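Spelled out, the chains give:
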Amino acid sequence: MAKTLGLLGRKLGMTRIFAPDGTIVPVTLISAGPCPVLQVKTSEKEGYNALQVGFDAIPERKLTKPELGHQAKAGKGFYRHLKEFPLEAVEGYEVGQDITVDIFQPGEKVKVTGTSKGKGFQGVMKRYNFRGLKATHGAEKVHRSGGSIGTNTEPSRVFKGKKMPGHMGDERVTLPSVEIVDVRPEENIIVVKGQVPGCKNGLVMIRKAG
């Protein structure tokens, strides 16, 4: 992972805005942060520099005793999600400090990571865009099939990685260059151009492109 700072947030959904020239721009709204720093890791103690931040406050009763002891040191409450952001240097950061959307600027390119929507068990036409087999006279019940998968006597097996029906979606997806259209610090909202992975209220991570 690139050594850049970022935030955790939730995808609120998509809408559109009008650019100064009147064109319509599809955008996604992300409620990001504020994420308190729960731990500052240094190369002298842990072997690398990083900030551990928390997101999505939860009641104390929902955490284990080790988790309570760790998060209580910051005195900023308790959080469902913890995430480390490796950095080149951690000078200027301290435990309890809030990381907010102010670290981003409109026009900046960022990396957005989320979990894509799960689509269950799917065939090869939907999963890999296969064209299917012929639908002419004599072809019976093979229209959406993937065709032959085997080999001859040698090597007499199906190769690993063969595209076949299976589970689709529900994967970690990163968009490497997403443009920030607007930043609203008073609402803790980042407006980015286009779509981002995941469903509404899905957890996303926004990092500086670096």
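Rules of the game
Residues numbered from 1 in each chain as written. Predicted model: local features only at pLDDT ≥ 70, side-chain atom pairs only at ≥ 80, totals over all residues. Heavy atoms only, no water. Helix = DSSP H or I, 4+ residues; strand = E, 2+ residues; numbered from the N terminus. Phe/Tyr/Trp six-rings, centres within 6.5 Å; stacked < 30°, edge-to-face > 60°. Buried < 20%, exposed > 50% of the residue type's maximum accessible area, 1.4 Å probe, protein only. Lys, Arg positive; Asp, Glu negative; His and termini not counted. Salt bridge = Lys/Arg side-chain N within 4 Å of Asp/Glu carboxyl O. Polar contact = N/O pair within 3.5 Å; in protein donor to acceptor, adjacent residues only side chain to side chain. Contact = heavy atoms within 4.5 Å. Pairing = 2+ DSSP bridges. Axes fitted to C-alpha atoms, helices over the stretch in contact; angles between N-to-C directions.

A. Unusual backbone geometry, seen in detail. Residue Gly 33 is joined to Pro 34 through a cis peptide bond whose omega torsion reads -5°. With respect to the helices and strands, the residue Pro 34 is situated in the loop between strand S2 (24-32) and strand S3 (35-41). A cis amide bond links Glu 154 with the next residue in sequence, Pro 155, at an omega value of 5°. Mapped onto the elements of the fold, Pro 155 is located in the loop between helix H2 (124-128) and strand S9 (166-168).

B. Structural view of the packing of aromatic side chains. Counting across every chain of the model gives one aromatic pair. Centroid distance Tyr 128 to Phe 130: 6.3 Å. Interplanar angle 40°. Geometry classified as tilted. Relative accessible area serves as the criterion here: at 30%, Tyr 128 is assigned to the partly exposed category.

C. Molecular detail of the side chain of Lys 11. The residue Lys 11 is located in strand S1 (residues 6-18) in this model. Within the buried core, Lys 11 has no salt-bridge partner, and the shortest N-O distance to an opposite charge, that of Asp 170, equals 13 Å. Within polar-contact distance, the side chain of Lys 11 engages the backbone oxygen of Gly 198 at 2.8 Å. Ignoring any residue separated from it by four or fewer positions in sequence, one finds Lys 11 in contact with Thr 28, Leu 29, Val 196, Pro 197, Gly 198, Cys 199, Lys 200, Asn 201, Gly 202 and Val 204.

D. A look at the sheet that holds strand S5 (residues 79-86). Pairing in this open sheet of four strands is antiparallel, and the strands run S5-S4-S3-S6 from one edge to the other. The open sheet has two edge strands with one neighbour each: S5 and strand S6 (98-99). In terms of strand pairing, S3 meets S6 through two bridges, oriented antiparallel. Looking at S6, one finds that Pro 36 is bridged to Asp 98. Sitting on the sheet, helix H1 (residues 65-72) is in contact with S3, strand S4 (50-57) and S5, with an inclination near 60° to S5.

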